[in-house]
Amino acid sequence: MKDFQSVKKKRRLFKKNKPLTKKAKEKPVIPAKLSPKRYSVLKNINKHESSLLTLLIPLLLVVIYFTISYLNTYISKNIKVNKLTDSLSGKMLPFPQVNESYIPYLSARAAIVVGADNQAVIFSKNPNLRFSMASTAKVMTALVALEHYKMDSVLTIKSRGVPGSTIGLQNGEKFYFEDLLYAMLLPSANDAAVAIVDNYPGGKAEFVKKMNEKAKALHLKNTSFSDPAGLDDDGNFTTVDDLARLGGAAMQNQKLSEVVGTPYKLITNQSRSKQYSLGNLNRLLGVNGVNGIKTGTTEGAGEVLVTSSKQNGHTFIIVVMNSQDRFADTRALLSFIENNVSFVDLSISEEN
């Protein structure tokens, strides 16, 4: 009897713990508080929500894509308009375009042609490659000096034995700043550049600091100065892109533009005891509308030339760096501009 009860008890336990059949597993478990009817309604709602989300997510992504595309186009268009618009008149400036895919041969390792009116790059070769700038550093020296000195400021020659290109200024001689500016930029006289710096408050260290501050203000991101005369090949470096920006800024200064466009100048010391004859080293001055701006050459830099040219009412800035023949390279680029560049009047095309 005892054995029978034990077997019966085991059977009850087996039925209680019996694994669910496939059919039982598929049967949904309805929460105790929900009626079968209400549970069925909720289940259908969940199915519809899932289907709705499946449709809405791709639709939302499409809307986001077109919104971003529209904003990107709108912003780009406005940036272009701002660059091509005369800030004073609000008038659209003509935009340069290259008519033929002609690439001039250049010995220069880097070169650039920029439309000065709207900063449009017309031609470039290694625009972000850094090189020593040689005496084109004097363009920045001139800009900084023009912010401090007056034309009739009297400066005293304080240094002797200045290396490189000089005109033989003597210690103790006094000159007007304007005359030293011509001496520094026409024959690229290092002794004139040193004299300008020697008379600056704080001397060379403070002057070089101002040069680098000016470079930042002009957004010359790949440029550094360590020497106002351009003798330091390791500390002075820039790119053709930055040098074109610097050249464009220099030509906007009326006095600086006048100086670099002068082929010949005769200066005297203040006592008028000695005269100095100054000839502009830029052989291209007056050719193809060339009106500036600065030559440069050192062993490390090679030949460097920054050129401003005005053709058919449009101004171009041309820079060649690390060249074997800076004048031949610049002539090739001047010919490239003359024969292959035309201008499109965007204001007319937009009205039509």
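Residues numbered from 1 in each chain as written. Predicted model: local features only at pLDDT ≥ 70, side-chain atom pairs only at ≥ 80, totals over all residues. Heavy atoms only, no water.

### Quick notes on the side chain of Arg 326
Its location among the elements puts Arg 326 in helix H10 (residues 326-340). When its relative accessible area of 12% is taken as the criterion, Arg 326 is described as buried. Within the structure, the side chain of Arg 326 is placed 2.9 Å from the backbone oxygen of Gly 296, a separation counted as a polar contact. Separated by 3.5 Å, the side chain of Arg 326 and the backbone oxygen of Val 304 make a polar contact. Look past the residues within four positions of Arg 326 in its chain and what remains in contact with it is Thr 295, Gly 296, Thr 297, Glu 303, Val 304, Leu 305 and Val 320. (Helix = DSSP H or I, 4+ residues; strand = E, 2+ residues; numbered from the N terminus. Buried < 20%, exposed > 50% of the residue type's maximum accessible area, 1.4 Å probe, protein only. Polar contact = N/O pair within 3.5 Å; in protein donor to acceptor, adjacent residues only side chain to side chain. Contact = heavy atoms within 4.5 Å.)

### Section: the packing of helix H4 (residues 137-148) against helix H7 (residues 203-217)
Running from amino to carboxyl end, H4 crosses H7 at an angle of 100°, the nearest separation of the two axes being 10 Å. One element, H4, and the other, H7, form an angle in the roughly perpendicular class. Contacts from Ala 137, Met 140, Thr 141, Val 144, Ala 145 and Glu 147 in H4 reach Phe 207, Lys 210, Met 211, Lys 214 and Ala 215 in H7. Counted by class, the contact of H4 with H7 contains seven nonpolar, one polar and three charged residues. (Axes fitted to C-alpha atoms, helices over the stretch in contact; angles between N-to-C directions. Parallel < 35°, antiparallel > 145°, perpendicular 65-115°, else oblique. Nonpolar A, V, L, I, M, F, W, Y, C, P; charged D, E, K, R; others polar.)

### Thoughts on the pattern of salt bridges
All told, the structure shown has five salt bridges when counted by the stated rule. Linking Glu 213 and Lys 210 is a salt bridge whose minimum nitrogen-to-oxygen distance equals 3.7 Å. Taken together, the positions of Glu 213 and Lys 210, both in helix H7 and three residues apart, correspond to about one turn of that helix. For Lys 210, a relative accessible area of 32% translates into the label partly exposed. With a shortest N-O distance of 3.8 Å, Arg 326 and Glu 303 are connected by a salt bridge. (Salt bridge = Lys/Arg side-chain N within 4 Å of Asp/Glu carboxyl O.)

### Brief notes about the nonpolar core
Within the largest apolar cluster, 59 residues are counted, with the highest numbers of intra-cluster contacts made by Leu 180 and Val 319. Here this core takes eight residues from H4, the largest share from any one element. Here Leu 180 is in contact with Leu 155, Ile 157, Leu 169, Phe 175, Ala 192, Ala 195 and Ile 196, once residues within four sequence places are set aside. Listed in part, the 18 residues of the second largest apolar core include Ala 108, Val 113, Val 320 and Phe 336. (Core = buried A, V, L, I, M, F, W, Y, C linked by side-chain atoms within 4.5 Å.)

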